[in-house]
Amino acid sequence: MARCRWLILAAMVTAAASAAAAAEPVHWDWCGWGGGGFFYSSAFHPTQNGTVYMGGDVTGVYKSVDHGKSWRLVNNGLVDYGVFSLACDRTAPDTVYAATAGGLCKSTDGAKTWQLLPKTGPRDLRITGEKGKSTRCIAVDPRDGKVLYAGSPAGKIYRSGDGGESWTVAWQKAADGDPADMLRVQFGKVNQDYYGGFWLPFAFPKDLAAADVTGFGLSFRGDGTIPQDCFLTLKDSAGVSYRSRNLRDVFGQTAWGEIVLSPKDFVLDPDWAKKNPDAAKAYTGPDWAKVNRLDFVCVGPLMNAAPVGKFTRFYYATAAGVKVVRAFADKSVQTYGNLRLGSAQGGPVQAIAVADTDPKLVIAATDDSGLLLSSDAGTTWRALNTPTRATTVAFAPSDARIIYGGFGADGLHKSVDGGATWQNLSASLPKGLSVNEVAISPKDANRVALIGSVGWGGAFAWSADGGKTWTQSSKMTVDHTANPTLPGDSTPTADLSAPRNLALNPQNPDELFIAANWRPAMSSDGGRTWAESARGADISCVYDVRFDGGRVYAAAMDEGTLVSEDNGGTWRALWPAKWDKEMSGHNWRLAVSGQHIVATCSPWDSVPNRVLVSQDGGKTVQRVTAGLPASNPSANTMWGTGYPRALAVDPKDPKVFYLGIDGDPADGKPGGGIFRSEDGGLTWKALPGQPGSRRMFFGLAVDPTDAKRLFWGACGNNGGVWRSEDGGATWQNVFKNDYWVFNLHVAADGTIYVPGKNLWRSTDHGATWKQLTRFPDSGRVIVGLETDPANPQRLWFSASTWDGSDDGGIYETTDGGTNWTEITGDTGYRKPLVLRYNPATKELWAAGVCLHKTKR
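Residues numbered from 1 in each chain as written. Predicted model: local features only at pLDDT ≥ 70, side-chain atom pairs only at ≥ 80, totals over all residues. Heavy atoms only, no water.

Caption draft 1: The arrangement of the overall build of the chain in detail. Along the chain, the regular secondary structure elements total four helices and 70 strands. Oriented by its inertia axes, the alpha-carbon framework of the chain measures out at about 85 × 80 × 55 Å. Within the chain, buried positions represent 59% of all 856 residues. Here the contacts in the chain between residues at least 6 apart in sequence split such that 55% fall between residues at least 24 apart. Per element, the accessible surface of the chain, about 33,200 Å² overall, is 50% carbon and sulfur. (Helix = DSSP H or I, 4+ residues; strand = E, 2+ residues; numbered from the N terminus. Buried < 20%, exposed > 50% of the residue type's maximum accessible area, 1.4 Å probe, protein only. Contact = heavy atoms within 4.5 Å. Areas by Shrake-Rupley, 256 points an atom, 1.4 Å probe, with all protein chains shown as cover.)

Listed below in structure tokens is the structure:
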């Protein structure tokens, strides 16, 4: 719906422009490289020999029709770019299912187009694919393609009898026996917020005198998981807030009990007290009769831990007993942050399989209930006697009595009697191997293959005797032309890294495919040898593109800096040539002038941010930290850590650079901000003054008409655009129409463009502003910006969301912003963060995840 509202383009896009865009979709050419990221899912076409599908964590679905020799993106209609499980329908071979983080998508035309199946999204049934929770979570009945089974990361098994249009719960973990009139709250592991809470209104009991109240209480049971902080806040009709003592320890109370807070357990909320100092001095305790709302909140790293609290009532305590103000037969409360209401969820259902010889047999691998078997097409289920954490499961295609189950670090187990008894087959497998997936030959139940991981390492092993003995084959021949990253690993082979999915070609069981980290791989001889299969499988997160001297330069997360001498046809890595603690990690922004190349860098291994400088076209590189913070900031940052995502060059002096790192000073450390170099990036010094907010993304620019005029785009509190007229000594906020400014662009004539929810322009250096677009508030923000240096009336922007969804687009104006046309066209990725125009070739490049270009 958000995209639909945007496609209206409010009143700013003319009907004629929209019609033209629809009639002649803009064609984009892919111009990146393959590999270098995480591939999670795979499936062979049931009948077309050589056709295989693959899913990535940030790029959607790829398709190959030549046995993995080349790939192309097939994302038209896909709701989310995180694809963690794939399945094909043997009864309708061009029907493909993709379990994405946004829901289950279906294609009936071999992945040319996709549609989201009803009610499968994360806010509905949560029939989704999620990282680490969905090995192979979709299964299609081999004889009746309308019958589907789906394992949910939320711990349920669903069944559909109509091809995914509707679903019923086939299995879920039994309830824990708590009272029915109970509110169960899981604080954490729902999103990335540091807080999660609920609130509810209530009235003071009419038959109670405030003088009789001795405290405020709740009936509560914790699960033993202690949050960092927890508070109960009462608010009254006069706007006063009373905050309790820290209640973190009550979560250690794992039996039902009463918690009563006396007036001394409450203090005035510190923020309210600061604003009302006179009232704070007179405070003696809560004014019970005026209290009409309560908030219960946990604070801390809730993305990593999830304390659970159970509530049956809140009440006023008196000497004569209690007066209940809220019980939970009605469980309706208002929630916010990192929190989930409702019964306990089972662990993720990682994988589901249907027996070829008897489709009434269905088996599921769960994270905390082991293997579950149904003998009646999902109507009833029974737990098998296996380890409790299961990662994968498969029936032998020729004999449903033979079942192989993977159990992570507990190895591979086999049953030959339909799950009644099991044998551990792991004795000859590599020590410490965590089994991720297993595949069995349709022709011979004794031919079995598996993949597993040990940290970032990986292994493939195959057996010709039903798992009694194993042969390991975990190296592949690399393809440095298709995947130019890490060229300094000069040997022609590389080890598997963290393999996640193993697919077997039903037309040719000797053909196997592995979706893995960095380098996916294909084997045509039953796994004895492997070759990298990454050509066209672009998964790179490119954060900058620059053109100089007929070359194209790109900076990418994880992969470093690369260059192309043939306009994106092929690429070679400048750095890192191989793993290097001092610079392997994220490259963010680039500046290139002849042989002089400057890149900003955040290494993986917790070493400080730095600048990489080459003065010989990339043959050698210096790692510069002089004058930069000795530790990476964490306060008031975009992503929890301050990164050097902004870089600008003085147009009057190419040796003068400005570098932006997000993050405030804290704990005696200087934080980020803006740094200046006068020697081409070899040494740096913080500017004498800093903007009012240092939380930023890309927003840093030098005015070409006045090198002392700097602009900084800030986000959140004190966000907007900050301007300095004196080279950074002092700053003034000149734009407050949006507090989330992720980028800014200053054209050659000094015109400044500022994106947020809409696009704004100033022709007087920020004194006044004109709004160029009027888009609906749908969660999208404008990030990418570019102007045509030969035509000031032509500019482009890209819109994006900060989740994995496909909600985004690329737009163009040729009349200075009066009318806009969407030019997203057939690009494989709809939400680039970077736009760059190459006037020499008259091409607009779009970067973010993947690289594409189009003639403009």
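Caption draft 2: Geometry of the pairing of strand β53 (residues 657-661). Within β53, five of the five residues are buried, leaving the element largely enclosed by the surrounding structure. The alternating pattern of β53 places Phe 657, Leu 659 and Ile 661 on one face and Tyr 658 and Gly 660 on the opposite face, and all of these are buried. Where strand β52 (residues 646-649) lies against β53, four bridges are found, and the strand directions are antiparallel. Bridged to Leu 647 within β53 is Leu 659. Here β53 runs beside strand β54 (residues 673-677); their pairing, made up of five bridges, is antiparallel. Paired with Gly 660 across the two strands is Ile 674, which belongs to β54. (Pairing = 2+ DSSP bridges.)

Caption draft 3: Region of interest: the state of the cysteines. One pass over the structure, following the stated rule, counts zero disulfides. A disulfide-free cysteine, Cys 31 has its sulfur positioned 9.9 Å from the sulfur of Cys 850, the nearest such atom. When its relative accessible area of 1% is taken as the criterion, Cys 31 is described as buried. Not engaged in a disulfide, the cysteine Cys 541 finds its nearest cysteine sulfur in Cys 850; these two sulfurs lie 8.4 Å apart. (Disulfide = S-S within 2.5 Å.)

Caption draft 4: Structural view of the nonpolar core. Core analysis: the largest hydrophobic core is formed by 44 residues, its most contacted members being Trp 33, Tyr 62, Val 542, Tyr 543, Trp 571 and Leu 851. For this core, the elements supplying multiple residues, two or more each, are β2 (39-44), β3 (52-56), β41 (512-515), β44 (542-548), β45 (551-556), β64 (781-788), β69 (843-848) and β70 (850-855). Within the second largest apolar cluster, 38 residues are counted, among which are Leu 208, Leu 247, Leu 268 and Leu 294. (Core = buried A, V, L, I, M, F, W, Y, C linked by side-chain atoms within 4.5 Å.)

Caption draft 5: Broad picture of a nonpolar patch on the surface. Taken together, Tyr 194, Tyr 195 and Val 299 make up a surface patch of nonpolar side chains, about 290 Å² in accessible area. Along the chain, the position of Tyr 195 falls in strand β15 (residues 195-201). Here Tyr 195 falls in the partly exposed class, since its relative accessible area comes to 40%. (Patch = residues over 30% accessible without salt bridge, like charges linked within 9 Å, V, L, I, M, F, W, Y side chains within 5 Å. Salt bridge = Lys/Arg side-chain N within 4 Å of Asp/Glu carboxyl O.)

Caption draft 6: Structural detail: the sheet that holds β45. The four strands are arranged β44-β45-β46-β47 in an open sheet whose pairing can be described as antiparallel. Every other strand in the sheet has two partners, leaving β44 and β47 (572-575) as the edge strands with one partner each. Between one strand and the next, the sheet's axes are offset by a mean angle of 25°, whatever the strand orientation. Here six bridges tie β44 to β45, and the two strands are oriented antiparallel to one another. For Asp 544, the partnering residue across the bridge sits in β45 and is Ala 555. (Axes fitted to C-alpha atoms, helices over the stretch in contact; angles between N-to-C directions.)

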